[in-house]
Amino acid sequence: MNKPDSKENLLLMKPFMPPLEEFQIHLELIWASRMLTNCGTIHAEFERALCEYLGVKHICLFANGTLALMIALKALKLRGEVITTPFTSPATLQAIYWNNLKPVFADISEPDLNIDPSAIEAAITPDTCAILPVHIFGTPCDVVTIGQLARKYDLKVVYDAAHCFGVEIDGKSVCNSGELSILSFHATKVFNTFEGGAIVCHDEATKIYIDTLKNNGLDRDFQLTGYGVNGKLNEIQSAFGLCQLKYVDDIIAMRKAITLKYRELLSGIKGLKMLPDREGVKHNYSYFPVLIDPAEFGAGRDELHDYLKKKKIVTRKYFFPLVSNSPEFNMYKTAGLPVAEKIANSILCLPLFHDISDDQIEAVVHAIGQLNKSGRNQN
Ligand SMILES: Cc1ncc(COP(=O)(O)O)c(C=O)c1O
């Protein structure tokens, strides 16, 4: 067992793997057919299965979420400024950058840590063409207010839903909001195909156009229609996704139980805040972030990170530093981002994966409690 006091580290996350025998059946079919990629039958079956599972109209599979986001922005033929959150993965920013668009950062709000709609409105200029919100850690943004803003100012909305596989608002997929949403199936996500991603869109014409863009501009008759890139997901990864899909409800249920256990055990610790569930939302429990108030907790976030590392417990400071602080994007900071700065300096994601044991969760909580006590005693 992976005990923190054993030689092995307790990892931040571990991907779920379906039974090898189930994947092997697919592999044998692929070996026999020699159809390895180019949007074959397994790719088509995976797209259908995902549409059904997620309750969305159309899905375009991609080799990863970053390419999906790049193509989503390209498909909308945007020019000018895109308002986005500074509290995100660099991938969100890279997609804007690679489209020659200008990112404009709007601050986030608590407790959901998502982009603040009032900050979006304040950042709108005549050059604004789109909003790119991120449903951070799988908690949905205020899609209703963002939708109203988009209509009022005639803006497109592309959601970065990389953390949101299976998340629903009032029984409907969060990916039904906005013009387009993108998902990531990276190995660290709740649902993975090793690497992979998707664009969710709402009509067939858009799907056909995006499928052309992801195939180097070749349409369904292999005619070159214009620009594009190779963003295709292959048959082996599609087969892996089909195998995973059977288990995703169980995985999310296991993650929920782990989250509830963490919440119960950590609830007495002063200066440590956890993210709440949102009413009406089916969460996927993709991360377990905590916020550390150094004065109350008796030690800072960085100290906690280093202390846990010494105890062989791996944590991550997602998302620190803010992407708006990297030299390339720093020039696009129009106003202060006080909430995002505060959160980035106080957040720590704790180990969370489907089969983390009770002993391991208790060991993480015990170590946090130890530092909390010794830190507070020093004051
Ligand atoms: C918020 C966010 N957007 C986009 C991505 C990009 O996804 P991928 O790693 O599949 O390219 C990630 C990946 O971690 C992410 O966290």
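Heads up: these notes are all about the structure in this document.

Conventions and cut-offs
Residues numbered from 1 in each chain as written. Predicted model: local features only at pLDDT ≥ 70, side-chain atom pairs only at ≥ 80, totals over all residues. Heavy atoms only, no water. Phe/Tyr/Trp six-rings, centres within 6.5 Å; stacked < 30°, edge-to-face > 60°. Helix = DSSP H or I, 4+ residues; strand = E, 2+ residues; numbered from the N terminus. Buried < 20%, exposed > 50% of the residue type's maximum accessible area, 1.4 Å probe, protein only. Lys NZ or Arg CZ within 6 Å of the ring centre and 35° of its normal. Pairing = 2+ DSSP bridges. Near = heavy atom within 4 Å. Polar contact = N/O pair within 3.5 Å; in protein donor to acceptor, adjacent residues only side chain to side chain. Areas by Shrake-Rupley, 256 points an atom, 1.4 Å probe, with all protein chains shown as cover. Nonpolar A, V, L, I, M, F, W, Y, C, P; charged D, E, K, R; others polar. Axes fitted to C-alpha atoms, helices over the stretch in contact; angles between N-to-C directions. Core = buried A, V, L, I, M, F, W, Y, C linked by side-chain atoms within 4.5 Å. Contact = heavy atoms within 4.5 Å. Parallel < 35°, antiparallel > 145°, perpendicular 65-115°, else oblique. Left-handed = near helix turned anticlockwise from the far one by under 90°.

### Points about the packing of aromatic side chains
And then number 1: A full pass over the atoms with the stated rule returns 16 aromatic pairs.
And then number 2: Judged by centre distance (6.0 Å) and plane angle (80°), the rings of F165 and F185 are edge-to-face. Placement of F165 in the loop between β7 (156-160) and β8 (168-169) and of F185 in the loop between β10 (180-184) and β11 (197-201) is noted, with a sequence separation of 20 residues between them. The two residues F165 and F185 agree in class, both being buried.
And then number 3: Across the ring face of F62, the terminal group of K214 is positioned such that the distance to the ring centre comes to 5.6 Å.
And then number 4: Note that R301 overlies the ring of F320, its terminal NZ or CZ placed 4.7 Å from the centroid.

### What to know about the sheet that holds strand β9 (residues 172-173)
Paired through backbone hydrogen bonds, the strands of a sheet run either parallel or antiparallel to each other.
And then number 1: Strands sit in the order β9-β8-β13 across an open sheet of three strands; the sheet is antiparallel. Pairing within the sheet leaves two strands with one partner each, and these edge strands are β9 and β13 (281-282).

### Observations concerning the site of the ligand
And then number 1: In the neighbourhood of the ligand, 15 residues make up the surrounding shell, with G65, T66, D160, S184 and K189 lying closest.
And then number 2: K189 has a polar side-chain atom sitting 2.7 Å from an oxygen atom of the ligand.
And then number 3: Burial of the ligand by the protein chains amounts to 88% of its free accessible area of 380 Å².
And then number 4: Going through the elements one at a time, α3 (65-75) and α4 (90-98) are the ones with two or more residues in the shell around the ligand.
And then number 5: Residue composition of the shell around the ligand, by class: three nonpolar, 10 polar and two charged.

### Describing the sheet that holds strand β2 (residues 81-84)
And then number 1: On the basis of which strands lie adjacent, the open sheet formed by seven strands has the order β1-β11-β10-β7-β6-β2-β3 and mixed pairing. Only two strands of the sheet have a single neighbouring strand rather than two, namely β1 (58-62) and β3 (102-105). In this sheet, neighbouring strand axes are inclined to one another by 25° on average, regardless of whether the strands run parallel or antiparallel.
And then number 2: Where β10 and β11 come together, four bridges link them in antiparallel fashion.

### Brief notes about the nonpolar core
And then number 1: Counting residues in each nonpolar core, the largest one holds 49 residues, and the members touching the most others are L50, I59, F165 and F185.
And then number 2: Excluding its chain neighbours within four sequence positions, the residues that come into contact with F185 are F46, L50, L61, F165, F191, N192, T193, F194, E195, G196, G197 and A198.
And then number 3: In terms of nonpolar packing, the next biggest core, distinct from the first, is built from 27 residues, C60, M70, A130 and I182 among them.

### As for the environment of L10
And then number 1: Residue placement: L10 occurs in the segment before α1 (20-33).
And then number 2: Residue classification places L10 among the buried positions, given a relative accessible area of 0%.
And then number 3: It is 9.8 Å that separates the C-alpha atoms of L10 and L308, two residues lying 298 residues apart in sequence.

### As for the packing of α1 against helix α8 (residues 235-245)
And then number 1: Packing of α1 against α8 brings their axes to within 9 Å, and their N-to-C directions diverge by 150°. If you check the angle between α1 and α8, you find them roughly antiparallel. At the point where α1 passes α8, the crossing takes the right-handed sense. Contacts from E22, F23, H26, L27, I30 and W31 in α1 reach E235, I236, A239, F240, L242 and C243 in α8.
And then number 2: Residues of the contact of α1 with α8, tallied by class, amount to nine nonpolar, one polar and two charged.

### Quick notes on the environment of S118
And then number 1: Tracing the backbone shows S118 in helix α5 (residues 117-123).
And then number 2: Taking relative accessible area as the criterion, S118 reaches 49% and is therefore assigned partly exposed.
And then number 3: For the pair formed by S118 and A299, sequence separation is 181 residues and the distance between their alpha carbons is 33 Å.
And then number 4: In this structure the side chain of S118 is engaged in a polar contact, spanning 2.9 Å, whose partner is the side chain of D116.

### Brief notes about the pairing of strand β14 (residues 289-292)
Side chains on a regular strand alternate between the two faces of the sheet.
And then number 1: Burial of β14 is two-sided: the residues P289 and L291 facing one way and the residues V290 and I292 facing the other way are all buried.
And then number 2: With three bridges joining them, strand β12 (residues 272-274) and β14 adopt antiparallel strand pairing. If you follow L272 over to β14, its bridge partner there is I292.
And then number 3: As paired elements, β14 and strand β15 (residues 347-349) share three bridges and run antiparallel to each other.

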